[in-house]
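Notes for the structure review
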2 protein chains.
Amino acid sequence: SYNSPCAACKFLRRKCLPDCIYAPYFPPEEPQKFASVHKIFGAGNVSKLLRELLPHQREDAVSSLAYEAEARVRDPVYGCVGAITFLQRQVERLQKELDAANADLIR
Amino acid sequence: SYNSPCAACKFLRRKCLPDCIYAPYFPPEEPQKFASVHKIFGAGNVSKLLRELLPHQREDAVSSLAYEAEARVRDPVYGCVGAITFLQRQVERLQKELDAANADLIR
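Residues numbered from 1 in each chain as written. Chains lettered and ligands numbered in written order. Predicted model: local features only at pLDDT ≥ 70, side-chain atom pairs only at ≥ 80, totals over all residues. Heavy atoms only, no water.

Per an unreviewed UniProt entry, chain A goes by LOB domain-containing protein and derives from Genlisea aurea.

Structure follows, in C-alpha cells:
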C-alpha cells in the first residue's frame, strides 16, 4: 500500500518518512536488493554515497551498487571483478581472431 | 621496520598485533589501498569477509575489493560497473566485425 515502508526501512526496522533517501530506489517488492547492498557496503555507506550525488544520478548509482553487491554475495573472492577479467580475455581473443580474419582477407 | 603497524591499523589508530587479519594484505607502504576499501566497504565488512574466506583466497579478495573501491572513488555513480558496460559493448562490436570478416572470407 502507499504507506508500506521501503525495503531499506523495513530491513532496518525504522519508520519510512516522506523524505527517506532509500525509498525511491528500494521498493518493498525487492527486499533482496537492499539486503545485498547492506551486507556488502553497509547501509550507512550507501546513504552517505547517495547524499553526495545529484538526485538524477542516484538511480544509476543504486543499480551499480546492487550489481556489485550481488556479484560479491555470489562470489566472495572476486565479486564483479571476475566478470571484468572474463570480458577482458574475451576482448583479447576476439581481437586476435579479427586480426587473423583481416590478414586472410588481405592475402 | 618490522614493528611498524600495517596500513589498516595505522588508519584505524590501533595496535597491530601478530594475528592482525589486515596486515598480510595492507602493507604500510600502500596507505591508499586501505583508505579506499575502508571508505567504500567499511573496515568491519572487509574483516568479516576475510574471516569467512580460506587464508589462500584472501589475497585475491583484497585485490578485487581494492579494485572495486578505487573504481567507486573515481566514479561514484558507476564504479567498476562502468568498466563492465564498456567491455560488454567492445565484445559486441568485435563479434560483429568478426562475423562480417568471416562472411567476407566465405564469399
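Having seen it, we continue.
**Brief notes about the packing of aromatic side chains**
All names here are of chain A. All chains considered together, the criterion is met by nine aromatic pairs over all chains. Consider the rings of Tyr 22 and Phe 34, whose centres lie 5.4 Å apart with planes at 75 degrees: the pair is edge-to-face. A residue pair is termed long-range when its members are at least 10 positions apart, and Tyr 22 in the loop between helix H1 (7-11) and helix H2 (31-41) and Phe 34 in helix H2 qualify at 12 residues. You'll find Tyr 22 and Phe 34 in the same group, each marked buried. Its end group placed over the ring of Phe 26, Lys 33 keeps NZ or CZ at 5.5 Å from the ring centre. (Phe/Tyr/Trp six-rings, centres within 6.5 Å; stacked < 30°, edge-to-face > 60°. Helix = DSSP H or I, 4+ residues; strand = E, 2+ residues; numbered from the N terminus. Buried < 20%, exposed > 50% of the residue type's maximum accessible area, 1.4 Å probe, protein only. Lys NZ or Arg CZ within 6 Å of the ring centre and 35° of its normal.)

**Details of the nonpolar core**
Core analysis: the biggest nonpolar cluster contains 48 residues, and Tyr 22, Phe 26 and Phe 41 of chain A together with Tyr 22, Phe 26 and Phe 41 of chain B have the highest contact counts within it. Elements with a minimum of two residues in this core: H1, H2, helix H3 (43-51) and helix H4 (58-74) of chain A together with helix H1 (7-11), helix H2 (31-41), helix H3 (43-51) and helix H4 (58-74) of chain B. If we ignore the near neighbours within four places in the chain, the residues touching Phe 26 of chain B are Cys 6, Ala 7, Ala 8, Lys 33, Phe 34, Val 37 and Val 62 of chain B. With 16 residues, the next largest nonpolar core counts Ile 84 of chain A together with Ala 71, Cys 80 and Leu 98 of chain B among its residues. (Core = buried A, V, L, I, M, F, W, Y, C linked by side-chain atoms within 4.5 Å. Contact = heavy atoms within 4.5 Å.)

**Things to note about the packing of H2 of chain A against H4 of chain A**
Residue and element names in this part refer to chain A. Interaxial distance between H2 and H4 falls to 8 Å at its minimum, and their mutual angle equals 75 degrees. Relative to H4, the element H2 is oriented roughly perpendicular. Counting all contacts with H2, which are made through Lys 33, Ser 36, Val 37, Lys 39, Ile 40 and Phe 41, the residues of H4 involved are Val 62, Leu 65, Ala 66, Glu 68, Ala 69, Glu 70, Arg 72 and Val 73. (Axes fitted to C-alpha atoms, helices over the stretch in contact; angles between N-to-C directions. Parallel < 35°, antiparallel > 145°, perpendicular 65-115°, else oblique.)

**A closer look at the relation of the copies chain A and chain B**
Least-squares fitting of chain A to chain B yields an RMSD of 0.0 Å, with the superposition described by an axial translation of 0.0 Å and a rotation of 180 degrees. One copy is carried onto the other by what is essentially a two-fold rotation axis. Of all interface residues in chain A, 100% are interface residues in chain B too; the two copies therefore contact each other through one and the same surface. (Least-squares fit on C-alpha atoms with pLDDT ≥ 70 in both.)

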